[in-house]
Amino acid sequence: MAAEGYEEMSGNGELEESSASAMEASEMAASPRAEMAEMSEENGSPAVAPEASVRPNPVSFSMPPPAEDDEGEMPADFERLWKAAHDNPQDFTGWTDLLQYCEQESHITASRRALEAFLTRYPLCYGYWKKFADLERRAGFNNKAEEVCVQGLQAIPLSVDLWIHYINLLLGTLDMNLPESPSRIRSVFEDAVVAAGLDFHSDRLWDLYVEWEKEQGNMKKAVAVLDRVLKVPTQLYNTHYDKFKDQLNAQEPKEVLSTEEYEELRTLCRQTQKAERAEQAEVEGEERPPGEEEPATPEGTDSEELMQKIREQVLLRRDKVYQDNEGEVRKRWHFEDAIKRPYFHVKPLDRLQLRAWHSYLDWEVAELNKDPKDPQDPQQDPDQAATEEPEVTAQPQVESEGAAVAHDDTRVRILFERCLIACALYEEFWIRYNQYLESQSVDEARAVFKRACEIHLAYRPNIHMQWATFEERHGDLTEARRVLEALEKTLPGLAVVRLRRAALERRAGLLDQSEALLREAVDESKENPSLHAFFSIKLARLLLKLGRNPSRARGVLQEALEISPDNDKLHLNLLELEVSGDPSAEAVQECVTRALAAALAPHTKILFSQRRLQFAEDYSNSIASVLSVYEEHQQLLKELGGTKRGAENGDEDSEKMSKSDDGSAVAVSAEVPATMAHVPITTPPPPVMGSDASSQAAYGGYSSWYQQPQYGSYGSYGYQNTWNYNQGYYPPS
């Protein structure tokens, strides 16, 4: 990659270059403008073989504890820039300003502190891991430099650049005269090809491995590495085959082939050669003199003709592998070509890039699901042969319990991991990967949620709530509670999170805990009347519908009305509570009177008056009281401008749409049963004996109104529109 400096950088801390030469540049980063400390001896650290090989795993990623300060006083502007970055941790520019300042000041303690904090927040920026390792190496702390590289590779194991940087660091610091040093380097190379060797752009890593083995004089191992990469579809797949042929032609076959393969081909070619000679002798009719035998080849030597036949057999076998691999590369080429930014950056990707990743994933999963025995699919999966090598099958984040599927879907997982580097800030890809893994391993799916929510998408509530739903679905209520509680601490004030917590407790059978959460939300939101009313309605519904305690529900709504006396939704819910319980004309009258006295919209007041009139018709024991309510309703209509007159005369459509409690639309029909004769709604009822005509006409008008679904537009508050968790987090104001 290009050298690191102060020009415009990508999100990885590397200069952005589009030319092909940038990809072939040295992996060792150039020195920054100012040396941060005097560098110790180049090979000063002793070579110590690790107890176990490094197997990076992004699931276990964590920053090492901060190093003790070597320099007590920080640079002048450090605290200011540090505070700006921490006050707004999502501001990438604030972090880069801090890191640039620390580098310019050549202050190792400030640089360590800034890099540790930055890489905890943005661990996919491999360029800054390289900067951190170089910082420690220049200061003479080679062991710390190695620790930084290992931490970086645990966070981003698919980074070919970071693997090469780590290997070059070891090559520059280990004493290669010690017998254990080559073994350690080879072990790291194996870890590298395990983690990143199947990446489409991993050619440089494979080439470095081959060249290092050649430098060690291990031609068999170098050719064995080339033999393995021949089965991996990479961008420069053809160059690997050319190198394999060059090595085979430049050396004796026994110097580059494994002992088993060489002996097998040697025996085969000798038998073929002997048969050919016998056939030739028979054709030519030659007959040797009695007692004379065919000249024998000296023991332990092979003729050049035999060597050439062995080479031909080797290339014949490899050519089939190469052709199959070429077919796989062609399948993937247009997908890879469509990906313009394979590294992490905080800048958003355009729609074409997101669509390209989705299409690539769709295709790779479809390839996995193909029947390998399908005769119509001439291209069998060439990666299967490649993944038979134990060194390149294991994906670092795959645990042993998922080994049964890892052998088959390694390439799918590799592509998902590549996608989650470039698209780390897009929750749709994390959710898709989780859905893919869930059917195979709940633990692996949980690890994906953990990485997404705790590192990359800490401020995205949707994926956190999906994580909580995932845990509840799999029976871990404790973890589901923890996830929602942590989200509420990170993003306080989201109504939907508190509702999710209350619903979780309710589903768990802990009604008291659910009530306590809603009551706490009511108490904490008194400074926000709209939010307070929202939670009060939710609490009242819980007490009424599930607690079967209308008196407590009534008290909650009445207390809320003291804070928000002009909130029509509170009035509507209180009215609904009164009319849906035991009929009480006094309670309904009190509720309506309170609503009519409030500063509500005219159409809302008419709605309350209509509801009172309907209640009187349904439950009143006296026609006089019904007529009295009707007259009050008519007077209100006159005062408010005569609205709803058309409805009274039957001009409205016979079907209205009403909102139910859950927000869904319910048709309120005025259809007459088929067994009854249709009576026009404008026809007044017959006169009542003993009453005057004006009263009868008035009641007839009311009767006409009552047959209309006047209350169809009424619905209890809370779900005027279907509640969508993915679109809004706060209740409407």
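Enquirer: A description of the pattern of salt bridges should follow, citing residues and the corresponding values.
Expert: Under the definition given, this model contains 48 salt bridges. Its salt-bridge partner being Asp77, residue Arg80 comes within 3.8 Å of it at the nearest N-O pair. The class of Asp77 is partly exposed, set by a relative accessible area of 33%. The residue Arg482 makes a salt bridge to Glu454 at a minimum N-O spacing of 3.8 Å. You can see Arg482 sitting in helix H22 (residues 477-490) and its partner Glu454 sitting in helix H20 (residues 442-456), a full 28 residues away along the chain.

Enquirer: Tell me about the nonpolar core, and name the residues and values.
Expert: Core analysis: the largest hydrophobic core is formed by 129 residues, its most contacted members being Leu98, Phe118, Trp163, Leu205, Ile310, Cys423 and Phe429. When neighbours within four sequence positions are excluded, Leu205 is seen to be in contact with Val160, Trp163, Ile164, Ile167, Phe189, Ala192, Val193 and Ala196.

Enquirer: Can you lay out the environment of Lys309 for me, pointing to particular residues and giving the numbers?
Expert: Tracing the sequence through the fold places Lys309 in helix H14 (residues 304-338). Here Lys309 falls in the buried class, since its relative accessible area comes to 18%. In sequence terms Lys309 and Leu268 are 41 residues apart; their C-alpha atoms lie 9.7 Å from each other.

Enquirer: Give me H20: which residues, what numbers.
Expert: Taking 1.5 Å per residue as the helical rise, H20 with its 15 residues ought to reach 21 Å, and the 21 Å between its terminal C-alpha atoms agrees with that figure. All buried positions along H20 are accounted for by Glu444, Ala445, Ala447, Val448, Phe449, Arg451, Ala452, Cys453, Ile455 and His456.

Enquirer: Run through the packing of helix H27 (residues 568-580) against helix H28 (residues 585-597), naming residues and quoting values.
Expert: Working note: a packed helix pair is described by the angle between its axes plus the distance between those axes. It is at 9 Å that the axes of H27 and H28 come closest, and there the two elements cross at 170 degrees. Between H27 and H28, the interaxial angle falls into the category roughly antiparallel. Packed against H27, whose contacting residues are His571, Leu574, Leu575, Glu578 and Val579, the element H28 presents Ala587, Val588, Cys591, Val592, Arg594 and Ala595 at the interface. Class assignment of the residues belonging to the contact of H27 with H28 gives a composition of eight nonpolar, one polar and two charged.

Enquirer: Give a description of the side chain of Asn434 that names residues and reports values.
Expert: Note on placement: Asn434 falls in helix H19 (residues 427-438). Apart from the residues within four sequence positions on either side, Asn434 is in contact with Ala445, Arg446, Val448, Phe449 and Phe470.

Enquirer: How would you summarise the packing of helix H24 (residues 511-524) against helix H25 (residues 529-546) if you had to cite specific residues and measurements?
Expert: Contact geometry of H24 with H25 gives a least axis separation of 8 Å together with a crossing angle of 155 degrees. Taken as axis vectors, H24 and H25 run roughly antiparallel relative to one another. When the axes of H24 and H25 are compared, the crossing they make is left-handed. Packed against H24, whose contacting residues are Leu511, Ser514, Glu515, Leu518, Arg519, Ala521 and Val522, the element H25 presents His532, Phe535, Ser536, Lys538, Leu539, Leu542, Leu543 and Leu546 at the interface. Among the residues forming the contact of H24 with H25, the class breakdown is nine nonpolar, three polar and three charged.

Enquirer: Give me the lowdown on the packing of aromatic side chains, citing residues and values where you can.
Expert: The tally for this structure, following the rule as stated, stands at 21 aromatic pairs. Measuring from centroid to centroid gives 6.4 Å for Trp163 and Tyr166, while their planes differ by 50 degrees, and the two rings are tilted. Taken together, the residues span about one helical turn, with Trp163 and Tyr166 both in helix H7 (residues 160-173) at a distance of three residues. By the ring-pair criterion, three or more aromatic residues cluster together here, those being Phe92, Trp95, Phe118, Tyr122, Tyr128 and Phe344. A cation over a ring is seen here: Arg121 above Tyr122, with NZ or CZ 5.0 Å from the ring centre. The ring of Phe141 has Lys144 lying over it, and the distance from NZ or CZ to the ring centre is 4.7 Å.

Enquirer: Tell me about helix H5 (residues 126-138), residues and numbers included.
Expert: If you check H5, its first and last C-alpha atoms are 19 Å apart, about what 13 residues at 1.5 Å a residue would give, namely 18 Å. Counting buried positions along H5 gives 13 out of 13 residues, so the element sits mostly inside the fold. Just past H5, the residue Gly140 takes up positive phi, approximately 90 degrees.

Enquirer: Give me the confidence of the model for the chain: which residues, what numbers.
Expert: Residues of the chain with pLDDT of at least 70 account for 68%, and the chain-wide mean is 77. Within the model, pLDDT remains below 50 along residues 66-70, and this stretch shows 10 contacts once partners closer than five positions in the same chain are excluded. Low pLDDT, under 50, characterises residues 375-407; the stretch is placed with 64 contacts to residues that sit more than four places away or in other chains.

Enquirer: Hey, could you go over a negative patch on the surface for me, with residue numbers and the actual values?
Expert: A contiguous patch of negative charge, built from Asp523, Glu524, Glu559 and Glu562, is present on the exposed surface. If you list the elements that add at least two residues to the negative patch, you get H24 and helix H26 (550-563). Within the secondary structure, Glu562 is located in helix H26.

About the cut-offs
- Residues numbered from 1 in each chain as written.
- Predicted model: local features only at pLDDT ≥ 70, side-chain atom pairs only at ≥ 80, totals over all residues.
- Heavy atoms only, no water.
- Salt bridge = Lys/Arg side-chain N within 4 Å of Asp/Glu carboxyl O.
- Buried < 20%, exposed > 50% of the residue type's maximum accessible area, 1.4 Å probe, protein only.
- Helix = DSSP H or I, 4+ residues; strand = E, 2+ residues; numbered from the N terminus.
- Core = buried A, V, L, I, M, F, W, Y, C linked by side-chain atoms within 4.5 Å.
- Contact = heavy atoms within 4.5 Å.
- Expected span 1.5 Å × (residues − 1).
- Axes fitted to C-alpha atoms, helices over the stretch in contact; angles between N-to-C directions.
- Parallel < 35°, antiparallel > 145°, perpendicular 65-115°, else oblique.
- Nonpolar A, V, L, I, M, F, W, Y, C, P; charged D, E, K, R; others polar.
- Left-handed = near helix turned anticlockwise from the far one by under 90°.
- Phe/Tyr/Trp six-rings, centres within 6.5 Å; stacked < 30°, edge-to-face > 60°.
- Lys NZ or Arg CZ within 6 Å of the ring centre and 35° of its normal.
- pLDDT = per-residue confidence, 0-100.
- Patch = residues over 30% accessible without salt bridge, like charges linked within 9 Å, V, L, I, M, F, W, Y side chains within 5 Å.
- Areas by Shrake-Rupley, 256 points an atom, 1.4 Å probe, with all protein chains shown as cover.
- Lys, Arg positive; Asp, Glu negative; His and termini not counted.
- Charge placed at Lys NZ, Arg CZ, Asp CG, Glu CD.

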